[in-house]
Amino acid sequence: MRRRDAIESARAHPVDLDLNFREHHVTAATPNEAEPARNTQSPARVRSSQPLGNLGRWGRWIAPAIARPFAMLEVLGGTALVVLVAWRLRPDDPLLLGAQFPWLWLAALVAALRYGALAGAASGLVLAAAWYALCAPAGGPFPMVHFAGGMTAVLIAGHFCDIWSHRANRAQGINAYFSDRLVAITHNHYLLRVSHERLERDLLARPVTLRDALTRLRELSVRRAGDVHGHAGGLPNAQPMLEFASLTCQIEVASLFPVRAGHLVTTPIARVGEGFEPDADDPLVRHCLQGGTLAHVRADDAASDMSPYLACAPLLDTDGTLVSVLIVRRMPFLALNHDNLQLLLVLLAYYADGVAHQPLVASVRESVPQAPYDFALELGRLARLKRASGIESSLVALAFPRGARGDSLFEQTVRQRRALDALWTIGTPRRQIAIALMPITDEHGIDGYLLRVETLLRQQYDVDFQRGHIAVHTAHVDADAPGAGLLKLVERCVDHA
């Protein structure tokens, strides 16, 4: 009876979810209609498979984006094959030394452009070895000028290949970092919009505010020893998380089932209400498994009308892989609406992001437990970026003295921080400390930031760092131990204070 009321409510108020959150309605889908959803790839996978863009099949073969495992064998074998062909065509001049253009050096030049200076030099050595094997027995001096000119051209081309490969890898690392930040900003923007809408509605009907919900989900995403629910499906504190999401979204009966190799496991990780066995052939479940998107009942869909479930929500990791499915079997019909289902999907995504980022936060908080979550997460991301691409990021700490003037300088500096930077403020009895985490910033960027802050203080209060008794401490993000590097910077600031 409850389900019939929910469907009637859906007829009166059709649920049309935002495509930005990858939500699609279930239809009487044929295998051909479900194929595009099955071929959907996450942005992280697209970046790893095509780091330099979609070049096409011939473009990837002529100019590969990454070095192949057998690149050197390909270079040596290809050069030898070119020499063999020239020897078969002109046995008296196998290296084409009498031609007006050194054609065989094109093989070495192509190898250098494809794989770098080392591969080009190896190809040139094969040509030199071919001269000793085929031309030296006939007599005659070694053509030093010919080989020196060809090797010089090959090394120059290979050097340019190495430089641009390094620049491409660096740009790829920076783009991956900014893409990660863009996803986080998008989620935060949506959550901010939802929080303002919730304040205009039945706030007293909700058990907690949205900010408390996010704080609670952050705590639940941290792994703890003896977490039985999280150990079963790789999700820490899955049972408390589901109970909290059910309380927030008014879910009465639901279960969280793991997904392995694209198949639904019938043993639930967590559940609320009475347990039930999932039907893998249900249209809602099948649509969620195939497309990795939210599926729910529709009034004009006969297939979903036959389903015993109201909604199926996916839980995806950072690579876009489906790790589990939340199947909702019963909830109040007034809760089956656009905002509530979107909030459920975002809470699951926020929890999954917290689980994926937990190792980065833990690596920092092991050394500095008092570090804020967002600051520790950003520091862990930048340390990973430095390990992967060698891109420097920096930490700048400014210690202000306590007092009316020092508090004004501190507040003015905090307000003028860059939008990309993460800021952590620490208060001591004698000092106020502002630690700015500056992504993709080296020594020159630090100097520019300090000069801008000092110029601002001089314009506003006619003081500089020395006259304002402001201590400046800087450090680079440690790729191997970011928490230890942050701890040393905090100790320097506290000891100075």
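Residues numbered from 1 in each chain as written. Predicted model: local features only at pLDDT ≥ 70, side-chain atom pairs only at ≥ 80, totals over all residues. Heavy atoms only, no water.

1. Some points on the confidence of the model for the protein
1) Next: On average, residues of the protein carry a pLDDT of 78, and 77% of them reach 70 or more.
2) Next: When the criterion is pLDDT under 50, residues 6–53 qualifies, and its contacts beyond four places in sequence or with other chains add up to 83 contacts.
3) Next: Across residues 224–232 the pLDDT falls below 50, and counting only partners more than four positions away or on other chains, this stretch makes 14 contacts in the model. (pLDDT = per-residue confidence, 0-100. Contact = heavy atoms within 4.5 Å.)

2. Structural notes on the pairing of strand β1 (residues 253–260)
1) Next: A large share of β1 lies buried, amounting to seven of its eight residues.
2) Next: Direction of pairing for β1 relative to strand β6 (residues 322–330): antiparallel, over a ladder of six bridges. Its bridge partner lying in β6, Val-253 is registered against Arg-330.
3) Next: Pairing between β1 and strand β3 (residues 270–272): three bridges, direction antiparallel. Paired with Leu-256 across the two strands is Ala-270, which belongs to β3.
4) Next: Note: β1 against strand β2 (residues 263–264), two bridges, orientation antiparallel. Looking across to β2, one finds that Val-259 is bridged to Leu-264. (Buried < 20%, exposed > 50% of the residue type's maximum accessible area, 1.4 Å probe, protein only. Helix = DSSP H or I, 4+ residues; strand = E, 2+ residues; numbered from the N terminus. Pairing = 2+ DSSP bridges.)

3. Concerning the nonpolar core
1) Next: One finds Met-241, Leu-264, Val-325, Leu-326, Ile-327, Val-328 and Leu-344 to be the most contacted residues of the largest nonpolar core, which totals 56 residues.
2) Next: The element that contributes the greatest number of residues to this core is helix α14 (residues 338–365), accounting for eleven residues.
3) Next: Those residues in contact with Val-328 that sit more than four places away from it in its chain are Ile-251, Val-253, Ala-254, Tyr-309, Leu-310, Ala-311 and Leu-344. (Core = buried A, V, L, I, M, F, W, Y, C linked by side-chain atoms within 4.5 Å.)

4. Observations concerning the pattern of salt bridges
1) Next: Counting across every chain of the model gives eleven salt bridges.
2) Next: With its nearest N and O atoms 3.8 Å apart, the salt bridge here joins Glu-454 to Arg-458. One end of the pair, Glu-454, and the other, Arg-458, are both in helix α17 (residues 443–461), four residues apart, so they sit about a helical turn from each other.
3) Next: The exposure class of Arg-458 is partly exposed, given its relative accessible area of 36%.
4) Next: Linked through salt bridges whose partners overlap, the residues forming this network are Asp-180, Arg-181, Glu-378, Arg-381 and Arg-384. (Salt bridge = Lys/Arg side-chain N within 4 Å of Asp/Glu carboxyl O.)

5. Regarding the sheet that holds strand β10 (residues 471–476)
Strands belonging to one sheet form pairs held by backbone hydrogen bonds; the direction of such a pair is parallel or antiparallel.
1) Next: The strand order across the open sheet formed by four strands is β8-β9-β7-β10, and the pairing between neighbours is antiparallel. With partners counted over all chains shown, the strands left at the sheet margins are β8 (422–427) and β10, one partner each. Put simply, the sheet's adjacent strands are angled 15° from each other on average, direction ignored.
2) Next: Sheet topology places strand β7 (residues 394–401) next to strand β9 (residues 431–438); eight bridges connect them, and they run antiparallel. (Axes fitted to C-alpha atoms, helices over the stretch in contact; angles between N-to-C directions.)

6. Notes on a nonpolar patch on the surface
1) Next: The grouping of Leu-81, Leu-84, Val-85, Trp-87, Leu-89 and Leu-134 at the surface amounts to a nonpolar patch, some 570 Å² of accessible area in total.
2) Next: Among the elements that make up the nonpolar patch, the one with the highest residue count is helix α5 (residues 71–89) (five residues).
3) Next: The class for Leu-81 is exposed, based on a relative accessible area of 52%. (Patch = residues over 30% accessible without salt bridge, like charges linked within 9 Å, V, L, I, M, F, W, Y side chains within 5 Å. Areas by Shrake-Rupley, 256 points an atom, 1.4 Å probe, with all protein chains shown as cover.)

7. Some details on the packing of aromatic side chains
1) Next: Enumeration according to the criterion identifies eleven aromatic pairs in this entry.
2) Next: With a centroid separation of 5.6 Å and an interplanar angle of 55°, the aromatic rings of Tyr-177 and Phe-178 are classed as tilted.
3) Next: Overall, Tyr-177 belongs to the buried group, its relative accessible area being 5%.
4) Next: Residue classification places Phe-178 among the partly exposed positions, given a relative accessible area of 35%.
5) Next: Here Phe-400 and Phe-410 contribute two aromatic rings whose centre-to-centre distance is 5.7 Å and whose plane-to-plane angle is 75°, an arrangement assigned as edge-to-face. Here Phe-400 is found in strand β7, whereas its partner Phe-410 is found in helix α16 (residues 404–415), with ten residues between them in sequence. Just as Phe-400 is buried, Phe-410 falls in that class too.
6) Next: Members of the aromatic cluster, each reached through a chain of ring pairs, are Trp-105, Trp-131, Tyr-132, Phe-142 and Phe-147.
7) Next: Lying over the aromatic face of Trp-164, Arg-167 brings its terminal NZ or CZ to 4.6 Å of the ring centre. (Phe/Tyr/Trp six-rings, centres within 6.5 Å; stacked < 30°, edge-to-face > 60°. Lys NZ or Arg CZ within 6 Å of the ring centre and 35° of its normal.)

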